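# Understanding the architecture of this molecule
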Amino acid sequence: MATNRSEPFSEKLRVPEALTFDDVLLRPKESRVEPDDADTASRVSTSVELSVPVLSAAMDTVTESELAIAMARRGGLGVLHQNMDVEETVAEVDRVKRADELVIREVVTASPKQTVREVDAMMEEEGVSGAPVVSEDDEVLGIISATDIRPYLEVGDRDEVREAMTDEVITAPEDVDARNALELMYEHKIERVPIVDDGNHLTGLVTMQGILQRREYDSAARDDEGRLRVGVAIGPFESERATAVDAAGADVLFIDCAHAHNRNVIESAREIEASVEADVVVGNVGTREAAEALVGFADGIKVGIGPGSICTTRVVTGTGMPQITAVAQVADVASEHDIPVIADGGIRYSGDAIKAIAAGADAVMLGSYFAGTDEAPGRVVTMNGKRYKQYRGMGSVGAMQSGGGERYLKDTDEDEDFVPEGVEAATPYKGSVESELFQLVGGMKSGMGYVGAETIPEFKRRAEFVRVSSAGQTEGHAHDVVITDEAPNYSPD
Ligand code: RVP
């Protein structure tokens, strides 16, 4: 059959160059910025700012509520994966939202008619050391603590709570803030303050322990109500999940698709965006044209076609875009519309993360970097004397079989008949996410120092790249030595 091409095929071989992390380095510049003074605050979507612009990937071996809580407490953001049903996802969002709440809403209460023994057992079971005593219609009648109960337990077990409780209760109104609550606690030497409405009905509880815990995380990512922020991955056509997690208070929805430059995906993402309150980030894409198709409605654009450590998209489909070029192309368009860009995948070192920002990203997303931490799901396994955790692509056979490969599934995929675009693997066990984040952010801040930029916007303006040869790459790694002690932020593998 004749083709209608007007250009010779050989013209296709005049190809543009596309670069990735190892192809470039940041050019050092005159600086007065000490790494400690560098401020990494940046946006992940039009209305969500983070003090640490780092996201943990929406993968079933990376982000569930435990890692999402740890990330948000330290200023980053966890994105819950979509390999669970909608109810479970809502429960996971809830767990993050409740983790550091100033006002606890699900309060363990006692009834005045219960015996002290019953209340003692209940408090032990619920893991609390005190409880407001309320009437049947939730009016606050008193408060009881383990110390109030102790003398009664010694004299008899039939005593009712009303005899043991403190009935002059210090309460606070709904709009109490942490400082006022703490002042009340110090003034009255108490550890918990029930929150009440105008009719003295219980609406919540503030505890000293909760306030002190919040203080420890002073740069945490919090919403307007002071709750930790959380992101959720949504399949491109999953409006039900989107509506449910939006109602549960999710802050950013990530329309999660291996190739978001697809008309059906874009149409559906646009509808989802219009129907929810949360910001909606759409991805993944890797070209200027894709960015142009998204800037009209997306609150953020996620970039990455094939750079992931467990991703085989490029070899299976022959398609992809080296990540530094992909980020820069998308950022060219997105920045004109003031829409944040997230560089997703392929980041192995802190240096890669800050290079992605120099190329135009506002935040970075990492999978393998966090999969080995305690807070990621899955257990530690030992192979050849080294400890690992499982890490698998969401387009791997295992993830697709368990329902999580939504982003890679095609209509033609039957039950066991997949064309995977990812592998199942293991990643070295790393301990707590706290030290991993410390190293990642520390390295990024040092990069800002070398370029002489105090803030991320300034860094993006000042940063320039140089092209690195393969000899230059070799020179950049530890070379001609035998490493005797592992560094916490570098492994030659
Ligand atoms: P990495 O940090 O290099 O491990 O990459 C993580 C990213 O890889 C994810 O955020 C996602 O965009 C991508 N991914 C996840 N699963 C797969 C796959 O199976 N191909 N790819």
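Residues numbered from 1 in each chain as written. Predicted model: local features only at pLDDT ≥ 70, side-chain atom pairs only at ≥ 80, totals over all residues. Heavy atoms only, no water.

What follows is about the confidence of the model for the protein. Looking at the protein, the pLDDT average stands at 92 and 95% of residues meet or exceed 70. The ipTM assigned to the predicted complex is 0.99, against a pTM of 0.87. (pLDDT = per-residue confidence, 0-100.)

Where burial is concerned, the two faces of strand E5 (residues 77–80) agree: the one with Leu 77 and Val 79 and the one with Gly 78 and Leu 80 are both buried. Inspection of the sheet shows strand E4 (residues 54–56) paired to E5 by two bridges, in the parallel sense. Note that in E5 the partner of Ser 56 across the bridge is Gly 78. Regarding the hand of the β-α-β motif, the stretch spanning E4, helix H1 (residues 65–73) and E5 is right-handed. (Buried < 20%, exposed > 50% of the residue type's maximum accessible area, 1.4 Å probe, protein only. Helix = DSSP H or I, 4+ residues; strand = E, 2+ residues; numbered from the N terminus. Pairing = 2+ DSSP bridges. Right-handed = clockwise from strand over helix to strand, strands pointing away.)

The next subject is the packing of helix H6 (residues 178–188) against helix H7 (residues 208–216). Put simply, H6 and H7 touch, their axes get as near as 10 Å, and they point 135 degrees apart. Regarding the angle of H6 to H7, the classification is oblique. Our pair here, H6 against H7, has a crossing hand that is left-handed. On H7, the residues that touch Ala 178, Ala 181, Leu 182, Met 185 and Tyr 186 of H6 are Met 208, Ile 211 and Arg 215. (Axes fitted to C-alpha atoms, helices over the stretch in contact; angles between N-to-C directions. Parallel < 35°, antiparallel > 145°, perpendicular 65-115°, else oblique. Left-handed = near helix turned anticlockwise from the far one by under 90°. Contact = heavy atoms within 4.5 Å.)

This part takes up the packing of aromatic side chains. By the definition in use, this model includes two aromatic pairs. Centre to centre, the rings of Tyr 369 and Phe 370 are 5.4 Å apart; their planes meet at 85 degrees, and the pair counts as edge-to-face. According to the relative accessible area criterion, Phe 370 is buried, its value standing at 0%. Above the face of the Tyr 369 ring, Lys 430 is positioned so that its terminal group lies 4.3 Å from the ring centre. (Phe/Tyr/Trp six-rings, centres within 6.5 Å; stacked < 30°, edge-to-face > 60°. Lys NZ or Arg CZ within 6 Å of the ring centre and 35° of its normal.)

Per the counting criterion, the structure on display carries 27 salt bridges. A salt bridge links Glu 106 to Arg 98, with the shortest nitrogen-to-oxygen separation between them at 3.6 Å. Accessibility expressed as a relative area gives 59% for Glu 106, which makes it exposed. Where Asp 362 meets Lys 460, a salt bridge forms, and the shortest distance between an N and an O atom there is 2.8 Å. Pair noted here: Asp 362 is in the loop between helix H13 (350–358) and strand E16 (363–366) and Lys 460 is in helix H17 (residues 456–462), with a separation of 98 residues, a long-range link. Classification of Lys 460 by relative accessible area gives partly exposed; the value is 26%. Taken together, the shared-partner salt bridges connect Lys 97, Asp 223, Glu 225, Arg 227, Arg 229 and Asp 251 into one network. (Salt bridge = Lys/Arg side-chain N within 4 Å of Asp/Glu carboxyl O.)

What follows is about the sheet that holds E4. Reading around the barrel, the eight strands line up as E4-E5-E11-E12-E13-E14-E15-E16 and close back on themselves, with parallel pairing between neighbours. Neighbouring strand axes in the sheet, compared pairwise and without regard to direction, differ in orientation by 25 degrees on average. Note: E5 against strand E11 (residues 231–234), two bridges, orientation parallel. Within the sheet, the bridge partner assigned to Leu 80 lies in E11 and is Val 232. Here H1 sits on the sheet in contact with E4 and E5, set at roughly 160 degrees to E5.

If you check the shell around the ligand, you find 23 residues, and the closest are Ser 309, Asp 344, Tyr 391, Gly 395 and Glu 421. Measuring from an oxygen atom of the ligand, one finds a side-chain N or O atom of Tyr 391 at 2.6 Å. Here the ligand, which alone exposes 490 Å², has 97% of that area covered by the protein. (Near = heavy atom within 4 Å. Polar contact = N/O pair within 3.5 Å; in protein donor to acceptor, adjacent residues only side chain to side chain. Areas by Shrake-Rupley, 256 points an atom, 1.4 Å probe, with all protein chains shown as cover.)

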